[in-house]
Amino acid sequence: MMAKAFAPAKINLTLHITGQRADGYHLLDSLVAFADLGDSLEFSPGQKLSVNVTGEFAAGVPVDERNLVWQAAQAANWTGNINLYKALPHGGGVGGGSSDAAATLRTLAPDSPRHVALSLGADVPVCMLARATRMQGIGDRTEPIVLPDLPAVLVNPGVAVKTGPVFNSLTAKNNPEMPFVLPEFSSPESCAAWLSTQRNDLETPALAIAPQIATVLDALRATTQSLLARMSGSGSTCFALYPSMKAALLAAHEIGAAHPGWWCRAARLS
């Protein structure tokens, strides 16, 4: 029987790089939220494993063992055809591949041990939860938290940014963590005000690699009622928060009209 799954976009509201282990893995402290938009998958059991990719961002996505969806299906000891519809830009800092892999594990092997998800990538365990979470360590420590619904606009300028070079360009790798206890937020405004006191430590090195990110951030900050604009993950997707979905939709229309070549979507984060 065919099964379906949704793989939401992952947004790093904060991303503090707090150290680096002897084996090279970076330590982090990140507040993660998920959007109500993302990729979708269909699973049809069969004798052999295959992956088919369609959608706006299908170009360049591998359909063999290089694809995290393929690897997740193998980890679940499952065979059949997987149709992956790519609505999210890859190389965009929104965890598309990790969220796809997590959706695959959730569907095919929901009781998989945590180390299976972690073996597929640092973002896969948090994507397994697919809800607002504090992620620490190398992605192995996750603590679900409560956030108000956050109206947002997500923008990608069409530039893929590889994670490795961004981390390699990071000059300071022992930065402060977020507070031990996170505050409770009553509204998008209170959440955005606190987030403005936090950081994405990868934003500066990513800007040096892809200066188009600065143009995106400037455009988001210039929209009416923008509360906060920041890059997600290692880039190049950026987000802005707004007090209402009406404001977010108006901002998305404004940016889309001014920059028709950009990927621009209004979304709700939670």
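On a predicted model such as this, the values are computed, not experimentally measured, just so you know.

Caption draft 1: Fine view of the side chain of Thr142. Among the structural elements, Thr142 can be located in strand S7 (residues 141–144). Engagement of the side chain of Thr142 in a polar contact is seen with the side chain of Arg114, the distance being 3.1 Å. Sequence-distant contacts of Thr142, that is, excluding residues within four places in its chain, are made with Arg114, Val126, Leu129, Thr133 and Arg134.

Caption draft 2: Region of interest: helix H8 (residues 212–221). For H8, the full list of buried residues reads Ile213, Val216, Leu217, Ala219 and Leu220. Projection of H8 onto a plane perpendicular to its axis shows the buried side chains occupying an angular sector of 160°, all on one side. Check the buried side of H8 and you find it contacts strand S8 (150–156), helix H7 (203–209), strand S9 (228–231), strand S10 (238–241) and helix H9 (245–258).

Caption draft 3: Spotlight on the pairing of strand S6 (residues 133–137). Of all five residues making up S6, five are buried, and the element is well covered by its neighbours. Sheet topology note: the strand S3 (residues 26–45)/S6 ladder contains five bridges and is antiparallel. Looking at S6, one finds that Ser30 is bridged to Met135. Between the antiparallel neighbours S6 and S7 lie three residues, among them Gly139 with a positive phi of about 100°.

Quick notes on the rules
- Residues numbered from 1 in each chain as written.
- Predicted model: local features only at pLDDT ≥ 70, side-chain atom pairs only at ≥ 80, totals over all residues.
- Heavy atoms only, no water.
- Helix = DSSP H or I, 4+ residues; strand = E, 2+ residues; numbered from the N terminus.
- Polar contact = N/O pair within 3.5 Å; in protein donor to acceptor, adjacent residues only side chain to side chain.
- Contact = heavy atoms within 4.5 Å.
- Buried < 20%, exposed > 50% of the residue type's maximum accessible area, 1.4 Å probe, protein only.
- Arc of directions from axis to C-beta.
- Pairing = 2+ DSSP bridges.

Fair warning: the whole summary comes from geometry, so function is off the table for now.
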